[in-house]
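Observations on the model geometry
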Amino acid sequence: MSADPYARRYTLFEDAQGLVLASAQAALGIHLLRAAGLVTGGTAGTALILSYATGLNFSALFFALNIPFYALAWWARGPIFCLKSLATVTFVSILAEALKPFVVLETIHPAAAALLFGVSAGVGLLGLFRHSGTLGGISIIALIVQDRFGWRAGHVQLSHDLILFAIAALILPLDRIGWSLLGALVLNFVIAFNHRRDWYIVS
């Protein structure tokens, strides 16, 4: 029986452009979220909370917080996945900083920021997952759990996010937490509904 002609792998160029475009999408979502003073889950959310509380640079915090997770990525899914995760975290860190002077948002309603973040970052994460990349942190753990136990990556990430939001409620106004939760729900719905391995024929 001949091999399935549709079962192929991405070329190096296809992988690279996919990871860059998905990283840009995720960085744009974070930029919108940050403009409204909202938070999200994962290491990005942790970095945002620390940035609001201390005044430290978000991109530097986001990059640093992800460092411990690369060893887990290497152990569980191999060097290629680890290096792709490192590359995408680096891209997002740089792009989130680079957007500041070029996409200046003096005001944005938190509802719009939450919804647009959820869609933009959700699509970005789908692109990263499709090309075997992540935004590090809980995204790495969510993919590992999905691979090993069959739990949806979006459900795993949502469980973690709820815990993080409980912590954020001690620091931020409750209305910001509510809008942030909306953004996280939209993001995780996008991932949970669309990230199914049986739908994808390219790895």
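Description of the structure in this document. (Residues numbered from 1 in each chain as written. Predicted model: local features only at pLDDT ≥ 70, side-chain atom pairs only at ≥ 80, totals over all residues. Heavy atoms only, no water.)

Our next topic: empty space enclosed by the protein. If you walk through the whole model with that rule in mind, you get 1 cavity of 30 Å³ or more. What the largest cavity holds in volume is close to 130 Å³. Taken together, 17 residues line the largest cavity, and the ones lying closest to its centre are Gly41, Ala44, Leu125, Leu135 and Gln157. Put simply, the parts of the chain that give the lining of the largest cavity at least two residues each are helix H1 (12-35), helix H2 (42-54), helix H6 (110-130) and helix H7 (138-149). Class assignment of the residues belonging to the lining of the largest cavity gives a composition of 10 nonpolar, 7 polar and no charged. (1 Å grid on protein atoms, 1.4 Å probe; cavity = no way out; pocket = protein on both sides within 12 Å on 5 of 7 lines; lining within 4 Å. Points joined across faces, edges and corners; volume = space filled by probe spheres on them. Helix = DSSP H or I, 4+ residues; strand = E, 2+ residues; numbered from the N terminus. Nonpolar A, V, L, I, M, F, W, Y, C, P; charged D, E, K, R; others polar.)

Attention now goes to the nonpolar core. Val39, Phe58, Phe62, Val92, Leu125 and Leu135 are the most contacted members of the largest nonpolar core, which has 45 residues in total. If we skip the residues at most four places from it in the chain, Val39 touches Leu33, Leu48, Ile49, Tyr52, Phe165, Ala168, Leu172 and Ser180. (Core = buried A, V, L, I, M, F, W, Y, C linked by side-chain atoms within 4.5 Å. Buried < 20%, exposed > 50% of the residue type's maximum accessible area, 1.4 Å probe, protein only. Contact = heavy atoms within 4.5 Å.)

Moving on, we come to the pattern of salt bridges. Inspection of every chain in the model, using the stated rule, returns 2 salt bridges. Asp15 serves as the salt-bridge partner of Lys84, at 2.7 Å between the closest nitrogen and oxygen. Of the two residues, Lys84 is situated in helix H5 (residues 79-102) and Asp15 in helix H1; the sequence distance between them amounts to 69 residues. Take Lys84 and Asp15: they sit in the same class, and that class is buried. Note that Lys100 is salt-bridged to Glu97, the shortest N-O span being 3.2 Å. Linking Lys100 with Glu97, this pair stays in helix H5, spanning 3 residues, or about one helical turn. Lys100 gets classed as partly exposed once you look at its relative accessible area, which sits at 37%. The exposure class assigned to Glu97 is partly exposed, which follows from its relative accessible area of 28%. (Salt bridge = Lys/Arg side-chain N within 4 Å of Asp/Glu carboxyl O.)

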